[in-house]
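As a plain string of letters, each chain reads:
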Amino acid sequence: MRVAPVRNPVLLIVDVQGDFMPGGALPVPKGDEVISPLNTLVSHFERKGFPIVLTRDWHPPDHVSFRQRGGPWPPHCVQGSEGAEFHPDLRVPMNAIIVSKATDRDRDAYSGFQGTDLERTLRARGVRRLFVGGVATEYCVRATVLDALGLGFEVFVVEDAIRGIRPEDEERAKEEMVREGAVLVRLDEIMME
Ligand code: VGL
Ligand code: ZN
């Protein structure tokens, strides 16, 4: 499928943070492979003057999702820590919009829409269409995409710009996103003139 980023598109980059990269606290295998395709998209969206939004997992040090509190995860993306920073190779334009999520110590949030201003931010800019990449496919990418679809946005998931933790879960998440109305596209199918 060839697809042109038109109709008020936004680039939505999910959680490309050190702790989710190889060597981080909660690594996504090959998570750093999303950076190059995302940088290509960042350049294009920037050139066109389209908005770029980055979500970040932004937990307090005693977050409920951490093992010390009975949660499923090792501590990761603690607010202000090095592991919570965006990968240093990711191009983050000066005017990019940063959305912090899962900041409440007693509540987890995989979706960038959950407990944030993201919907309002997108509506205020007249956004209709989301191009999504990042990690992890079966957690925060999945939840963000499903919420976006539920809110009526058109969602294009850039296949080469997402990576998951477990291959079977990643596959299932992709099928589910498509079933709910997302379109999977490859970077080379996005027309960037
Ligand atoms: C994520 C696990 C825990 C994600 C966040 O960004 O996909 N996964 N917190
Ligand atoms: Zn988290």
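Per chain, the residues get numbers from 1 upward, laid out in the order the sequence is written. Chain letters start at A and ligand numbers start at 1, both assigned in the order the entries are written. In keeping with the predicted nature of the model, local features appear solely for residues at pLDDT of at least 70, side-chain atom pairs appear and are counted solely at 80 or more, and the whole-chain, interface and lining totals rest on all residues. Just so you know, side-chain values use all the structure's heavy atoms and leave hydrogens and water out.

Next up on the list: the environment of Ser111. The helix count covers DSSP runs of H or I at least four residues long, the strand count covers runs of E at least two residues long, and both are numbered beginning at the N terminus. Here Ser111 lies in the loop between strand S3 (97–101) and helix H2 (118–124). The exposure class assigned to Ser111 is buried, which follows from its relative accessible area of 2%. In the structure, Ser111 is positioned 56 residues away from Pro167 in sequence and 20 Å away in space, judged by C-alpha atoms. The residues touching Ser111, leaving out its near neighbours within four places in the chain, are Lys101, Ala143, Thr144 and Asp147. Exposure is judged per residue with a 1.4 Å probe applied to protein chains only, and the accessible area is read against the type maximum: over 50% gives exposed, under 20% gives buried, and values in between give partly exposed. Contact definition: two residues touch when any of their heavy atoms are within 4.5 Å.

All right, on to the packing of aromatic side chains then. Pairing of aromatic side chains requires ring centres within 6.5 Å, counting the rings of Phe and Tyr and the six-membered ring of Trp. Pairs whose planes differ by under 30 degrees are stacked, by over 60 edge-to-face, and all others tilted. The full count for this structure, using the stated rule, is six aromatic pairs. Geometrically, the ring pair formed by Phe45 and Phe50 is edge-to-face, given 5.7 Å between the ring centres and 70° between the ring planes. The partly exposed category is assigned to Phe50, whose relative accessible area is 22%. Residues Phe131 and Phe156 carry aromatic rings whose centres are separated by 5.1 Å and whose planes lie at 10° to one another, so their mutual orientation is stacked. Here Phe156 lies in strand S5 (residues 154–163) and Phe131 lies in strand S4 (residues 129–135), a separation of 25 residues in the sequence. Members of the aromatic cluster, joined through ring pairs, are Phe45, Phe50, Phe131 and Phe156. Our definition puts a charge over a ring when NZ of Lys or CZ of Arg is within 6 Å of the ring centre and also within 35 degrees of the ring normal. The ring of Trp58 carries Arg56 above its face, with NZ or CZ at 3.6 Å from the centroid.

The next point concerns the pattern of salt bridges. When a carboxyl oxygen of Asp or Glu is within 4 Å of a side-chain nitrogen of Lys or Arg, the pair counts as a salt bridge. Evaluation of the coordinates by the stated rule reveals 16 salt bridges. The salt bridge partner of Glu159 is Lys174, with a shortest N-O separation of 3.4 Å. With Glu159 in strand S5 and Lys174 in helix H4 (residues 167–179), this residue pair connects regions lying 15 residues apart in the sequence. The shortest N-O distance in the salt bridge between Asp169 and Arg172 comes to 3.5 Å. Taken together, the positions of Asp169 and Arg172, both in helix H4 and three residues apart, correspond to about one turn of that helix. Judged by its relative accessible area of 18%, Asp169 falls in the buried class.

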